[in-house]
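Coordinate analysis (summary)
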Amino acid sequence: MTVPQCAPRSLNRGQSPTEPRPGIGSDSPTGVIKKYDDIIKSPEDKREYRGLHLANRLKVLLISDSTTDKSAAALDVNIGYLSDPDELPGLAHFCEHMLFLGTAKYPEENEYNKFLSAHGGSSNASTSSDHTTYYFDVLPQHLSGALDIFAQFFISPLFTESATGRELSAVNSEHEKNLSSDTWRLDQLNKSTADPKHPFHKFGTGNKDTLEIIPKEKGIDVRKELLKFHQKWYSANIMTLIVMGKESLDELEEIVVKLFSPVEDKSVTAPTWPDHPFPPDLRRKRAYCYPIKDLRTLSIDFPIPDTRKHYKSGPGHYLSHLLGHEGPGSLLSALKARGWCNSLVGGTRIGARGFAFFGVQVDLTEAGVDHIDEIVELVFQYVAMLKAQGPQRWVWEEQRDLMALEFRFRDVQDARAAVVAHAHLLQDFPMQDILSAYYLMTEWRPDLIENLLGLLTPDNVRVGVVAKCFENKCTQTEPWYGTKYLQEDIDNETLEKWKSVKLNPEIHLPLPNEFIPARLELEKATDPTAEAIAPAIIKDTPLMRLWYKQDNEFLLPKAFITLELVSPLAYAEPAACGLASVWALLLRDALQQFAYAAELAGLRWSLGNAKHGLSITIDGYDDKQHVLLEKIIDHIVNFKTDPKRFEIMKETYIRAIKNFEAEQPYQHAVYQQAVCLSDVVWTRSQLLNSAETLTPEQLDEFSHKLVRKLHVEALMFGNLTRERAMAIADIVESKLPKDATPLLAQQLLLYREVEIEKGAWYVRSIDNGVHKSSCASLYYACGVRQARANVTLELLAHALSEPCFHVLRTQEQLGYIVFSGVRRSNGVQGLRIIVQSDRHPEYLEERIEKFIDGIEEYLENMSEEEFLKHRAALAAQRLERPKRLAIKASQLWSEITAQVYNFDRPRVEVDELNTVTKAELIDFFKKHVGPESPDRRKLSVYVVSTAEGGAGVDYKSEDDKKRQPVKIQDLVEFKSRRRLMPHPAPAASVPRKGAHCKL
């Protein structure tokens, strides 16, 4: 896999085929020094853009989209935790937390979140090494109101004493959540082994020690330091602002100039770090690391300079593309042939302004751990081949053309994603290139490729190996996370061997990409389904049913094809589930070489297994989708197990089951809830026990049977004619075995949910020894999904979301993770509240119930105006149009797989919602959630930390009179004595699948 040359993985890249128009100068209203109306955009992009430099030197990008369902804004400060004072690690991050909690103009702590919640919005922020980014989205008519509150963060934050003390607990809780996360541990280990004099060495999150206990001992006033940090660095001249709204560019400009001109320009210079944190004496190192999860990875890193200034030629992208390639002749194919690895990622990543890394990261097999030096040698053989071949213009041009294609036909980003993605970019690139910086490649610079290649040498290398087998070897301890590791010099003999590698004949450049689409026109013939809300069934045979809809909304040369190969064999027993999982892993593994070229050419594909069987999805340019789909179906139908790869994938599957133990406590709570409430579910221990004995012969027999006992349900949506869709479906069906037999209608029934009876309260409690945090998840069942109940429950969740977070997180500081919302499964729904905390789950339950106690009064006291705001915000949210073809297709598909077929759900349910009254909402709450209700059905899940410093198992409630729940000890016993909930009634009369069979 290729990592983008400079951007985080979430950023898109590509190239614009359009030419910039001449810039427009600065004859603008007061407050604006310069305007830019020459921003390069795709010819397909209907949004309008304008750049501004305000008088206070704030850089602004305005995006006007008259069709948007949401408005959004993001502000980036060009400063991060590398600028923390040495004696206060985590101060930049703490400052980010504090800005949400009151300003001189809006002193109320939850003013911002309350406003956004009431107007269909949401917000977040993040702190990285050299950036701090704040962002929100909101319903379009409330953009200026939200911007007014938001702007004050950067003008007059309060940093009140009480909020500072409380929010420190949230920062500490955030750090504690990460303590057992290998991602965070390895990231900090990399920093902690850097040059101690370089700011990259710092600990960026902060915790109670660094932000309270140690400063107190040293007589440092943290609140004063927060004010000082904000006063010093929060300066307009190192900020960028992106605002997107329904308003015209002129109107947006007027709002922004008025609200953000008061942000002070303190004429600070954002720091850069041209000296690398890994100078020559910290290279030629090998580090071993002992992980929490059973991981096996090898990272091969080379310190390099910041490459962003070369974005028009993309030397980093060129090398990432080749070293990360997965096709024939690639580094990955050579490693897989030896059985040493399953996947590989190659590319540049920015450390901070001024320095970067070029890395190759390899996911190791058990055998691979014993061949680290040979794997590194293969990397140097590939580098030697690239040096011998020299930069190839055709490779660069192929990338350039694919990126130009991606830019031209890129999917529309939703408002929030668009503003966040561009806030960073505006700090680094000229205004005209802000949309196209990671797309536009116009300069062929072989010299820059050679320079970068010249840095990928054994003298510059840092090698890191992560595996459980190094436990005894790892005698050093990283100070912040306690990670066990050992760093040593790489011996000269090994370095010399790497320096003198010979060319390896099995390694060569990739072939030209045959998946580049040749046809990019929109279909001329229109189908009746284009105007219809619902897709139509255009093929219905005993083995297959095809739903089809032509697109008339997104108008891109793309389509979405998804198939479910449904079989009762897939989840018949734990071993069958294991075989299906290993089969899916082996299929992806076998298809990787062929399908990688398709991925590069804009065809996303996935193949996975679930309870019902196998799922296949292909999404992207429609021109060559059928080629990829046919290849996938061939692999499935004609599957033959490779025993060597089987053992590797079986071990991967077993490791994934075991590694779930180290997931966050709240994920365990969600899993346990599903285990309690789903009628058929194999537990992790059952899956693990059965997995040990799986064999290649069993998989051959299983796959042979499954493809002969199945039903194929499919959806094709997008730039396809009915004839093309039918032709693809006919080919798929023709490839199925001739002796395949259709399923009976009973074999296609969906799984069901266990009923919690009225007035019941059950608790499921499990221990977790990995994390210090515990978790309580409370679920209040609200019955089968139907239109009115759906929207009333959603409205209740909407109204409770902000007060729940404000009370349990901001005020009571129970923990960093506080969540409330709707849970839906198997056609049944309810309200769920989750809190992850260092407190015991029983205590958390008491606090949640105390919060619930006050909700009736909160709803009673809610003014009609406030109630209508919540209702309108939810209605707007529900009517929000999908921005991408794939999202729209997923919505259609979920109706099909749930067998409910309510394709007009948003409109139908919003019509219901608009008649729900406040009294009805209160009645719904009182019946399903209210503590005194005889109808309340409640399931609590406790995940109790038995780790050192955890909440432990002993908790004594101070409330002796409280009602005691019934404990679920034996899952089979629990389920055998409960009824099952019915499924929702279908909204359309679609014949049952399997109806063609003779019953």
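Conventions we followed
Residues numbered from 1 in each chain as written. Predicted model: local features only at pLDDT ≥ 70, side-chain atom pairs only at ≥ 80, totals over all residues. Heavy atoms only, no water. Helix = DSSP H or I, 4+ residues; strand = E, 2+ residues; numbered from the N terminus. Rg over C-alpha atoms; globule rule 2.2 N^0.38 Å. Buried < 20%, exposed > 50% of the residue type's maximum accessible area, 1.4 Å probe, protein only. Contact = heavy atoms within 4.5 Å. pLDDT = per-residue confidence, 0-100. Pairing = 2+ DSSP bridges. Axes fitted to C-alpha atoms, helices over the stretch in contact; angles between N-to-C directions. Salt bridge = Lys/Arg side-chain N within 4 Å of Asp/Glu carboxyl O. Parallel < 35°, antiparallel > 145°, perpendicular 65-115°, else oblique. Nonpolar A, V, L, I, M, F, W, Y, C, P; charged D, E, K, R; others polar. Phe/Tyr/Trp six-rings, centres within 6.5 Å; stacked < 30°, edge-to-face > 60°. Lys NZ or Arg CZ within 6 Å of the ring centre and 35° of its normal. Core = buried A, V, L, I, M, F, W, Y, C linked by side-chain atoms within 4.5 Å. Expected span 1.5 Å × (residues − 1). Left-handed = near helix turned anticlockwise from the far one by under 90°.

**Here we look at the overall build of the protein chain**
From N to C terminus, the protein chain includes 31 helices and 26 strands. A globule of 999 residues ought to have a C-alpha radius of gyration of about 30 Å, and the protein chain, at 29 Å, matches this closely. Dimensions of the protein chain, computed from C-alpha atoms along their principal axes, come out at roughly 70 × 70 × 65 Å. With 999 residues in all, the protein chain has 60% of them scored as buried. Taking contacts inside the protein chain between residues at least 6 apart in sequence as the whole, the part at least 24 apart equals 83%.

**A few points about the environment of Val419**
Its place among the elements puts Val419 in helix α13 (residues 415-428). A relative accessible area of 0% means that Val419 is categorised as buried. With 176 residues separating them along the chain, Val419 and Val243 place their C-alpha atoms 6.6 Å apart. The residues contacting Val419, other than those within four sequence positions of it, are Ala72, Ala73, Ala74, Ile242 and Met244.

**Section: the confidence of the model for the protein chain**
The predicted model of the protein chain averages 94 in pLDDT, with 96% of residues at 70 or higher. Across residues 3-28, where pLDDT falls below 50, the model places 81 contacts with residues more than four positions away in sequence or in other chains. In this model, residues 995-999 is a region of pLDDT below 50 whose contacts with residues beyond four sequence positions or in other chains number ten contacts.

**Brief notes about the sheet that holds strand β1 (residues 32-36)**
Overall, mixed pairing links the seven strands, which are arranged β1-β2-β3-β7-β4-β6-β5 in an open sheet. Edge positions in the open sheet fall to β1 and β5 (122-127), since each of these has one partner strand only. Averaged over all adjacent pairs, the angle separating strand axes in this sheet is 15 degrees, with direction ignored. The pairing of strand β3 (residues 59-64) with strand β7 (residues 239-245) spans six bridges and is classified as parallel. Each bridged residue has a counterpart across the sheet, and for Leu62 the counterpart in β7 is Val243.

**Topic: the pattern of salt bridges**
Scanning the model with the defined rule gives 79 salt bridges in all. The salt bridge involving Arg445 is made with Asp447; its shortest N-O contact spans 2.9 Å. Overall, the relative accessible area of 31% leaves Arg445 in the partly exposed class. Close ionic contact of Arg604 with Asp619 constitutes a salt bridge, the shortest N to O distance being 3.1 Å. With Arg604 in strand β18 (residues 603-610) and Asp619 in strand β19 (residues 613-621), the pair connects residues that are 15 residues apart, well separated along the chain. Accessibility expressed as a relative area gives 43% for Arg604, which makes it partly exposed. One continuous salt-bridge network, built from bridges that share partners, spans Asp69, Lys70, Asp137, Glu880, Arg881 and Lys883.

**Concerning the packing of helix α9 (residues 315-323) against helix α12 (residues 393-408)**
Interhelical geometry of α9 versus α12 gives an angle of 100 degrees and a closest axis separation of 10 Å. With respect to α12, the axis of α9 lies roughly perpendicular. Residue-level inspection shows His317, Tyr318, His321 and Leu322 of α9 in contact with α12, the latter providing Val395, Trp396, Gln399 and Met403. Each residue belonging to the contact of α9 with α12 can be placed in one class, and the counts come to five nonpolar, three polar and no charged.

**Here we look at the environment of Gln593**
Examined against the element boundaries, Gln593 turns out to sit in helix α17 (residues 574-600). As for Gln593 and Gly329, which are separated by 264 residues in sequence, their C-alpha atoms are 9.5 Å apart.

**Description of the packing of aromatic side chains**
Tallied over the full model, the rule gives 39 aromatic pairs. Aromatic side chains Phe153 and Phe154 sit 5.9 Å apart centroid to centroid with 55 degrees between the ring planes, which places their arrangement in the tilted category. A ring pair is formed by Phe355 and Phe357, whose centres lie 6.2 Å apart and whose planes are at 85 degrees; its orientation type is edge-to-face. Relative accessible area serves as the criterion here: at 0%, Phe355 is assigned to the buried category. By relative accessible area, Phe357 is classed as buried at 4%. An aromatic cluster of at least three residues, connected via ring pairs, comprises Phe100, Tyr112, Tyr134, Phe136, Phe150, Phe153, Phe154 and Tyr234. The positively charged end of Arg338 is found above the aromatic ring belonging to Trp340, 5.9 Å away from the centroid. One residue, Lys473, lies across the ring of Tyr288, its end atom 4.4 Å from the ring centre.

**Section: the nonpolar core**
Among the nonpolar cores identified, the biggest contains 88 residues, and Trp583 and Ile636 are the most heavily contacted of them. Sort the elements by how many residues they give to this core and α17 lands first, with 15 residues.

**Observations concerning helix α28 (residues 885-897)**
Helix length check: α28, at 13 residues, gives a terminal C-alpha distance of 18 Å against a target of 18 Å (1.5 Å per residue), a fit within 8%. Those residues of α28 lying buried are Leu885, Ala886, Lys888, Ala889, Leu892, Trp893, Glu895 and Ile896. Of the surrounding elements, those touching the buried residues of α28 are β16 (544-550), β17 (558-566), β19, β20 (711-718) and α29 (905-913).

**Concerning the sheet that holds strand β10 (residues 341-352)**
A sheet is described by the order of its strands in space; here seven strands give the open sequence β10-β11-β9-β12-β8-β14-β13, paired in mixed fashion. With partners counted over all chains shown, the strands left at the sheet margins are β10 and β13 (476-477), one partner each. Bridge count for β13 against strand β14 (residues 484-489) is two bridges, and the pairing is antiparallel. Its bridge partner being in β14, Gln476 is matched across the sheet by Tyr485.

**Section: the pairing of β17**
The element β17 is largely enclosed, with a buried count of nine among its nine residues. Along β17, one buried face is formed by Lys558, Phe560, Thr562, Glu564 and Val566 and the opposite face, lined by Ala559, Ile561, Leu563 and Leu565, is buried too. Here β17 runs beside β19; their pairing, made up of nine bridges, is antiparallel. Note that in β19 the partner of Ala559 across the bridge is Gly620. Taken together, the eight bridges between β17 and β20 define a ladder with antiparallel strand orientation. Looking at the pairing, Leu563 lines up with Ala714 of β20.

**Focus: the side chain of Arg353**
Tracing the backbone through its elements, the reader meets Arg353 in the loop between β10 and β11 (355-364). Excluding residues that lie within four positions of it along the chain, Arg353 makes contacts with Asn78, Asp130, His131, Ala270, Pro271, Thr272, Trp273, Asp306 and Arg308.

**Points about unusual backbone geometry**
Unlike most non-glycine residues, Ser267 shows phi in positive territory, near 50 degrees. Relative to the assigned elements, Ser267 resides in the loop between α8 (249-260) and β8 (285-290). In the Ramachandran plot, Leu555 falls in the positive-phi region, its phi being about 50 degrees despite a non-glycine side chain. Mapped onto the secondary structure, Leu555 falls in the loop between β16 and β17. The exposure class assigned to Leu555 is partly exposed, which follows from its relative accessible area of 47%.

**Side note on the packing of α17 against helix α19 (residues 643-659)**
It is at 9 Å that the axes of α17 and α19 come closest, and there the two elements cross at 120 degrees. Considering their axes alone, α17 and α19 lie oblique with respect to each other. Our pair here, α17 against α19, has a crossing hand that is right-handed. Contacts between α17 and α19 involve Cys577, Gly578, Ser581, Val582, Leu585, Leu586 and Asp589 from the first element and Arg645, Phe646, Met649, Lys650, Thr652 and Tyr653 from the second. Among the residues making up the contact of α17 with α19, the classes are represented as seven nonpolar, three polar and three charged.

**Let's talk about the environment of Phe278**
As for its position among the elements, Phe278 is in the loop between α8 and β8. A relative accessible area of 0% means that Phe278 is categorised as buried. Excluding its chain neighbours within four sequence positions, the residues that come into contact with Phe278 are Asn190, Thr193, Ala194, Phe200, Arg283, Pro303, Phe357 and Arg462.

**Overview of α12**
Along its 16 residues, α12 runs 22 Å from first to last C-alpha, staying within 8% of the 22 Å computed at 1.5 Å per residue. For α12, the complete set of buried residues consists of Val395, Trp396, Glu398, Gln399, Leu402, Met403, Ala404, Leu405 and Phe407. Along its buried surface, α12 packs onto α9, α17 and β19.

**Section: the pairing of strand β9 (residues 297-305)**
Within β9, seven of the nine residues are buried, which leaves it mostly tucked inside the rest of the structure. Where β9 and β11 come together, nine bridges link them in antiparallel fashion. The residue bridging Ser299 from the neighbouring strand is Gln361, located in β11. Relative to strand β12 (residues 462-466), β9 runs antiparallel, the two being bridged by five bridges. Looking at the pairing, Ser299 lines up with Gly464 of β12.

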